[in-house]
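Each chain, letter by letter, is given below.
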Amino acid sequence: MSTTTEKAVESGSTTPQATLGGPAPGAPPARRKRRRGFGALAGAVWLAAITLAAVAAPVLPLPDPAKITDQYSIPPFRQAAHILGTDPLGRDLLSRVVHGAQISLSVAIGATLLALTVGTVLGVTAGFFRRSVDVTFDIGTNTILAFPPLILLIALVAVMEPSIATLVIGLALVGMPTFARIARANTIAFAGREFVTASKSLGASTFRILVREILPNVALPVFSFAIVVAATLVVAEGSLSFLGLGVPPPAPSWGGMIAAERESLYEDPYLVLVPGAFFFLTVLSLNLTGDWARDRIGRESSL
């Protein structure tokens, strides 16, 4: 180490890494940033493709996902008409996984938006008014969090008729406390800032302060976390469908397809691997995109 570097280190003005041109302590390596950015891009491309396919499924040249034919258990890439093969009833697997994406994504996105909306409103209200409102908020969220999520969902689906609406309500109830707590924490952090105090001094109404000053600052971290929550809810919907508590047949769903063919895993593993691959790639893409969004928003908010 040079004399200049030794003196700088002794004086505490710099570090050996900074002096020698290396990254500062705690800074993420550039390679890790590029890798995470590439993963987020690949995830976004997959999500765009599967979402577009799910939305356009009724007009795509795909067979009826419930149509039974005499093309039994054809492995993938054996026939051009059934590129991903068929199941033991002769139903086209590509058509079933694309139509299954409609259910999985609509349930996950619907439940996420409902949980985000309700949770944000409750969290902002509790964080701004505090006192008895905050106490009631804590009791409510802690009560919901006290129940194991899967047990709560099973109980709700068992009481209500299994349907997309039931799944959306149940999954939103499970995800709502997370959004509410994030919104509450950010509201408490911003409620004492100068711009909020200035608005109060100028005579702005409480509603205006909440909507114009607090909510825009709370929205970014809440929305970034929503992508990761959507991935969790896709898994939850698949778990319920696997247990037979999701959307009833003949409507296809990824979890239901895996459950129906699990006995054929050794003889015809593609019957499980095809919907499982779509399930895995979708959840992975949501997590990669969500992590990237949280990192970007975290850096921007620290500036």
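Since the model is a prediction, treat every value here as computed from it, not as a measurement.

Asker: Looking at this structure, how should I read the pattern of salt bridges?
Answerer: Pairs may arise between side chains of opposite charge once their charged atoms sit close together. Applying the stated rule across the entire model yields three salt bridges. One salt bridge in this structure joins Asp 134 and Arg 130, with 3.1 Å as the shortest N-O distance. For Asp 134, a relative accessible area of 6% gives the class buried. Looking at Arg 130, the relative accessible area reads 36%, which means it is partly exposed. Ionic pairing is found between Asp 134 and Arg 184, a salt bridge with its closest N-O pair at 2.7 Å. With Asp 134 in helix H5 (residues 131-146) and Arg 184 in helix H7 (residues 164-191), this residue pair connects regions lying 50 residues apart in the sequence. When salt bridges with common partners are traced through the structure, they connect Arg 130, Asp 134 and Arg 184 into a single cluster.

Asker: In this structure, what is going on with the UniProt feature "transmembrane region" (unreviewed entry) in the protein chain? I would like to understand it.
Answerer: Following the UniProt record, one finds the feature "transmembrane region" (unreviewed entry) at residues 38-60, 103-129, 141-158, 164-183, 214-236 and 270-289. Spanning residues 103-129, this segment combines 100% helix with 0% strand, and its end C-alpha atoms are found 39 Å apart. Between the first and last C-alpha atoms of residues 141-158 the distance is 22 Å; the span itself is 89% helix and 0% strand.

Asker: In this structure, what is going on with the nonpolar core? I would like to understand it.
Answerer: The nonpolar side chains of soluble globular proteins are, as a tendency, buried together. Counting residues in hydrophobic clusters, the biggest one holds 62 residues, and the most contacted among them are Val 97 and Ile 214. At the level of elements, helix H3 (30-55), helix H4 (93-129), H5, helix H6 (149-159), H7, helix H9 (206-242), helix H10 (254-260) and helix H11 (270-302) are the ones that each hand at least two residues to this core.

Asker: Would you take a moment to explain unusual backbone geometry for this structure?
Answerer: Excluding glycine, a negative phi dihedral is what most residues carry, and trans is how most peptide bonds are arranged. The phi dihedral of Phe 77 falls on the positive side, at around 60°, and the residue is not glycine. With respect to the helices and strands, Phe 77 occurs in the loop between H3 and H4. Note on Phe 77: relative accessible area 63%, which makes it exposed. The phi torsion at Arg 131 lies on the positive side, around 50°, for a residue other than glycine. By the element assignment, Arg 131 lies in helix H5.

Asker: Would you explain the packing of aromatic side chains in this entry?
Answerer: In total, this model carries six aromatic pairs according to the counting rule given. Taking 6.4 Å as the distance between ring centres and 80° as the angle between the ring planes, the aromatic pair formed by Phe 179 and Phe 225 counts as edge-to-face. Of the two residues, Phe 179 sits in helix H7 while Phe 225 sits in helix H9, which places them 46 residues apart along the sequence. The residues Phe 179 and Phe 225 share a single accessibility class, namely buried. Where Phe 190 meets Phe 195, the ring centres are 6.4 Å apart and the plane angle is 45°; that geometry is what we call tilted. Note on Phe 195: relative accessible area 27%, which makes it partly exposed. Among the aromatic side chains, those forming a connected cluster through ring pairs are Trp 46, Trp 254, Phe 278 and Phe 279. Cation over ring: Arg 262 sits above Phe 242, and NZ or CZ is 5.5 Å from the ring centre.

The rules behind each value
- Residues numbered from 1 in each chain as written.
- Predicted model: local features only at pLDDT ≥ 70, side-chain atom pairs only at ≥ 80, totals over all residues.
- Heavy atoms only, no water.
- Salt bridge = Lys/Arg side-chain N within 4 Å of Asp/Glu carboxyl O.
- Buried < 20%, exposed > 50% of the residue type's maximum accessible area, 1.4 Å probe, protein only.
- Helix = DSSP H or I, 4+ residues; strand = E, 2+ residues; numbered from the N terminus.
- UniProt positions renumbered as here; feature names shortened; annotations may be inferred.
- Core = buried A, V, L, I, M, F, W, Y, C linked by side-chain atoms within 4.5 Å.
- Phe/Tyr/Trp six-rings, centres within 6.5 Å; stacked < 30°, edge-to-face > 60°.
- Lys NZ or Arg CZ within 6 Å of the ring centre and 35° of its normal.

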